[in-house]
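An overview of the molecular structure
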Amino acid sequence: PCMTKSHSDTHARDDRSHDGTVGLADPTDERSNCGVGAVVDLDGGASHSVVQDGIELLCNLEHRGTTGAEKDTGDGAGITIQRPDEFFETVVDDLPETYAVGSIFMPQDYGLRAEIVDFVEATLADYSLEVFEWRDVPTDNSELGQTALDSEPNVQQAFVAPTEPMANDDFDRALYLSRKAVEADIDEIDDSGRFYVCSLDRKTLVYKGLLKGEQLENYYVDLSDERVKSTLVLVHARFSTNTLGAWHLAHPYR
């Protein structure tokens, strides 16, 4: 089962105080906002079909997302899935029992990226965390418009584990605090705005970008892999209003 609704539908609205238009706001007007949807296996089973259904749902939200004048550059689209352990066990060596995955946008410049890697690792170490693996996420940009290509980041996954025994709550707290610490000082190394942590979590993982919904699966090769399984997914197609589309502004957020 899945559900789609616009952002304007997700907030309860109390219209009891008036019967009609107030100023420029007419409560009967249709609203054209971003699209959001979820797919959940109610029996609790994790499968690739849930991920595929989420991607199909995202494609069907085209009327809730948009593009600019360039038809091949969307305003942003993405998906949140549960951490796909079966998949990661085949692409990462010696996964520990307790770990988290960060989905991170990086600059394309290799030298600058190496500086950021050192900085991230040193900052996380302050919170008793270790980045034990960096994975260069495979992407295919052949369908992207020039605007998306011009600002395309390098996409990395950081695999993080505690360096000392931690309860899950303590691990989650350390992940949050270390991410905030990285974000607070990253401008000292890179002020271009290309660095962005899409997610850093023990349970979930985000794939997103300056994409149309129909481009997401082809851009992120991982999403076509049968070993990428989830019990639930959340998808989002962005309709830019007061800000232009950008890779980091695509949803879902962490």
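Residues numbered from 1 in each chain as written. Predicted model: local features only at pLDDT ≥ 70, side-chain atom pairs only at ≥ 80, totals over all residues. Heavy atoms only, no water.

Turning next to a nonpolar patch on the surface. The grouping of Val-40, Leu-42 and Leu-232 at the surface amounts to a nonpolar patch, some 270 Å² of accessible area in total. Relative to the assigned elements, Leu-42 resides in the loop between strand E2 (35-40) and helix H1 (48-59). For Leu-42, a relative accessible area of 70% gives the class exposed. (Patch = residues over 30% accessible without salt bridge, like charges linked within 9 Å, V, L, I, M, F, W, Y side chains within 5 Å. Areas by Shrake-Rupley, 256 points an atom, 1.4 Å probe, with all protein chains shown as cover. Salt bridge = Lys/Arg side-chain N within 4 Å of Asp/Glu carboxyl O. Helix = DSSP H or I, 4+ residues; strand = E, 2+ residues; numbered from the N terminus. Buried < 20%, exposed > 50% of the residue type's maximum accessible area, 1.4 Å probe, protein only.)

Judged by pairing direction, the sheet is antiparallel, and its 4 strands sit side by side in the order E5-E6-E4-E7 without closing on themselves. Of all strands in the sheet, those bounded by a partner on one side alone are strand E5 (129-136) and strand E7 (196-201). Between one strand axis and the next, the sheet turns by 20 degrees as a mean value, whatever way the strands run. Taken together, the 7 bridges between strand E4 (residues 100-106) and strand E6 (residues 154-162) define a ladder with antiparallel strand orientation. (Pairing = 2+ DSSP bridges. Axes fitted to C-alpha atoms, helices over the stretch in contact; angles between N-to-C directions.)

Counted under the stated rule, the structure contains 8 aromatic pairs. With centroids separated by 5.6 Å and ring planes inclined at 50 degrees, the aromatic side chains of Phe-87 and Phe-88 adopt a geometry described as tilted. On the basis of relative accessible area, Phe-87 is assigned to the buried category, the value being 2%. Residue Phe-88 is classed as buried on the basis of its relative accessible area of 0%. An aromatic cluster is present here, built from Phe-87, Phe-88, Tyr-99, Phe-132 and Phe-159 joined pairwise through their rings. In this arrangement the basic side chain of Arg-83 is found over the ring face of Tyr-99, its NZ or CZ atom lying 3.8 Å from the centre. (Phe/Tyr/Trp six-rings, centres within 6.5 Å; stacked < 30°, edge-to-face > 60°. Lys NZ or Arg CZ within 6 Å of the ring centre and 35° of its normal.)

Turn by turn, an α-helix covers 3.6 residues, leaving residues three or four places apart pointing in a common direction. Taking 1.5 Å as the rise per residue, helix H5 (residues 168-185) with 18 residues should run 26 Å; its terminal C-alpha atoms sit 26 Å apart, in good agreement. Here H5 has its buried residues at Phe-171, Ala-174, Leu-175, Ser-178, Arg-179, Ala-181 and Val-182. Taken around the axis of H5, the buried residues stretch over an arc of 160 degrees, which confines them to a single face. For H5, the exposed residues lying more than 90 degrees away from the buried face are Asp-169 and Ala-184. (Expected span 1.5 Å × (residues − 1). Arc of directions from axis to C-beta.)

In this section: the pattern of salt bridges. All told, the structure shown has 9 salt bridges when counted by the stated rule. In this structure, the salt-bridge partner of Asp-85 is Arg-83, at a minimum N-O distance of 2.7 Å. We classify Asp-85 as partly exposed; its relative accessible area is 30%. Between Asp-225 and Arg-227 there is a salt bridge; the shortest N-O distance is 2.6 Å. Since its relative accessible area comes to 19%, Asp-225 is described here as buried. The exposure class assigned to Arg-227 is partly exposed, which follows from its relative accessible area of 30%.

If you trace the backbone, Pro-252 turns up in the segment after strand E9 (232-237). Put simply, Pro-252 and Thr-80 are 172 residues apart on the chain and 6.5 Å apart in space, counted from C-alpha to C-alpha. Aside from chain neighbours lying at most four places away, what touches Pro-252 is Gly-78, Ile-79, Thr-80, Val-206, Lys-208, Leu-234 and His-236. (Contact = heavy atoms within 4.5 Å.)

This part covers the packing of helix H3 (residues 110-125) against H5. In contact at an axis separation of 9 Å, H3 and H5 are set at 135 degrees when each is read in the N-to-C sense. Comparing the axis directions of H3 and H5 gives the class oblique. Two packed elements cross with a definite hand, and for H3 against H5 that hand is right-handed. From H3, Phe-119, Val-120, Thr-123 and Leu-124 reach across to H5, where they touch Ser-178, Ala-181, Val-182 and Asp-185. Grouping the constituent residues of the contact of H3 with H5 by class yields 5 nonpolar, 2 polar and 1 charged. (Parallel < 35°, antiparallel > 145°, perpendicular 65-115°, else oblique. Left-handed = near helix turned anticlockwise from the far one by under 90°. Nonpolar A, V, L, I, M, F, W, Y, C, P; charged D, E, K, R; others polar.)

Let us look at the side chain of Gln-156. Mapped onto the secondary structure, Gln-156 falls in strand E6. The class for Gln-156 is buried, based on a relative accessible area of 9%. A polar contact is formed between the side chain of Gln-156 and the side chain of Asp-136, at a distance of 3.2 Å. Here Asn-154 takes part through its side chain, which lies 2.8 Å from a polar atom of the side chain of Gln-156. Apart from the residues within four sequence positions on either side, Gln-156 is in contact with Gly-102, Ser-103, Ile-104, Met-106, Arg-113, Trp-134, Arg-135, Asp-136 and Val-137. (Polar contact = N/O pair within 3.5 Å; in protein donor to acceptor, adjacent residues only side chain to side chain.)

Function cannot be inferred from these measures alone, as they are strictly geometric.
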